[in-house]
Structure formats: structure tokens, C-alpha cells
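Residue-level structural notes
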Amino acid sequence: PIFLALDHWPSWFPFCQKVEKLAQLGTNQAIFLVRFKIAFLTVDIVLMAALVDNLQRDGKVELLFTTPPPKCSSWMGITVPK
């Protein structure tokens, strides 16, 4: 799915300036640093994206996003950028 192709977000996602893969956690899971720039405001987000195949159980595929807890310096084996 296009939403899981975070490396390509800067080419189509509004205000997305840069995406950097920080870690590959598995076949369908990775952690990214995503930068959004709107006028003079720049927002960096550390984001884990996961594609969960529940087709057999529920008949659907889920795309999950999560972020590290506040004030966390290490998360899921990576150093969280400041």
C-alpha cells in the first residue's frame, strides 16, 4: 500500500519534506524519522509503521502507526533523535 511506502511520502504527502528509515524491525515493520515543513514551522516525528495481515482471521489488512512515549531516549532498539 502507498501509505506504507514512507520512503515515497515526500513526493506526494502534503508538507512532507523528508523521510529517513531508522530501523527495519521485520518484513512489514520499520521505524522512520519523518519531517514535515509548513511555512516556517518544521515538525520531526519518529514513527513506527507496521502492516498486519489479518486476512485469514478478520478478512482485513491493518496499517498501524505508533510513536515513542514522551521523553523517551531509546525505543524498540533505536536511539530516538532529539
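Within each chain, residues carry numbers counting from 1 in the order of the written sequence. Local features in this predicted model are restricted to residues whose pLDDT is 70 or higher, and side-chain atom pairs enter the listing and the counts only when it is 80 or higher, whereas totals over whole chains, interfaces and linings include all residues. Heavy atoms throughout the structure, all of them, feed into the side-chain values; hydrogens and water do not.

Some details on the sheet that holds strand β2 (residues 29-38)
Counted only if it meets this: Pairing between strands is defined by DSSP: at least two bridges between them are needed. A run of H or I in DSSP becomes a helix once it reaches four residues, and a run of E becomes a strand once it reaches two; helices and strands are each numbered from the N terminus. Axes here refer to lines fitted to C-alpha atoms; in helices the fit is confined to the stretch in contact. Angles between the N-to-C directions go from 0 to 180 degrees.
Pairing in this open sheet of four strands is antiparallel, and the strands run β1-β2-β3-β4 from one edge to the other. The sheet terminates laterally at β1 (16-26) and β4 (60-66), the two strands that pair on one side only. Between one strand axis and the next, the sheet turns by 25° as a mean value, whatever way the strands run.

Structural notes on the pairing of strand β3 (residues 41-54)
Note that β2 and β3 share 10 bridges and pair antiparallel. Opposite Q29, over in β3, you have A50 as the bridge partner. A loop of two residues connects β2 with β3, the two strands running antiparallel in sequence, and A39 in this loop sits at a positive phi of about 55°. Here β3 pairs with β4 via seven bridges, running antiparallel. Within β4, the residue paired with N54 across the bridge is K60.

Thoughts on the nonpolar core
Counted only if it meets this: Definition of nonpolar core: a set of buried residues of the types Ala, Val, Leu, Ile, Met, Phe, Trp, Tyr and Cys, connected through side-chain atoms within 4.5 Å. Only protein chains enter the accessibility calculation, which uses a 1.4 Å probe; a residue whose area is less than 20% of its type maximum is buried, one above 50% is exposed, and one in between is partly exposed. Throughout, a residue-residue contact means that at least one pair of heavy atoms, one from each residue, lies within 4.5 Å.
Counting 10 residues, the largest nonpolar core is built from L6, W9, C16, V19, A30, F32, V34, F36, L47 and A49. Breaking this core down by element, the ones donating at least two residues are β1, β2 and β3. Ranked by the residues each element gives to this core, the list is headed by β2, at four residues. For L6, the residues in contact, after removing those within four places along its chain, are V19, F32, V34, L47, A49 and F65. One finds A23, A50, I78 and V80 within the second-largest nonpolar core, a separate group that totals nine residues.

Description of the confidence of the model for the protein
If pLDDT is low for a region, its predicted coordinates should not be looked at in detail. For clarity, the threshold we go by: The score called pLDDT rates the predictor's confidence residue by residue, from a low of 0 to a high of 100.
Predicted confidence across the protein gives a mean pLDDT of 89, with 95% of residues reaching 70 or more. Within the protein, no element has a lower average pLDDT than strand β6 (residues 78-79), which sits at 86, and none a higher one than β2, at 94.

Points about the pattern of salt bridges
Selection rule: Note on definitions: salt bridges are taken to be side-chain nitrogens of Lys or Arg within 4 Å of carboxyl oxygens of Asp or Glu.
With the rule as written, the count across this model stands at four salt bridges. Note that D44 and R35 form a salt bridge whose closest N and O atoms lie 2.7 Å from each other. Of the residues examined, D44 reaches a relative accessible area of 40% and is grouped as partly exposed. The partner of R57 in a salt bridge is D58, and the shortest N-O contact between them spans 2.9 Å.

Some details on the side chain of N54
Put simply, the rule is: Counting of polar contacts relies on pairs of N or O atoms within 3.5 Å, with two restrictions inside protein: one atom must be capable of donating a hydrogen and the other of accepting it, and residues adjacent in sequence are counted only when both atoms are side-chain atoms.
Tracing the backbone through its elements, the reader meets N54 in strand β3. By relative accessible area, N54 is classed as buried at 9%. Separated by 2.8 Å, the side chains of N54 and E62 make a polar contact. When neighbours within four sequence positions are excluded, N54 is seen to be in contact with G59, K60, V61 and E62.

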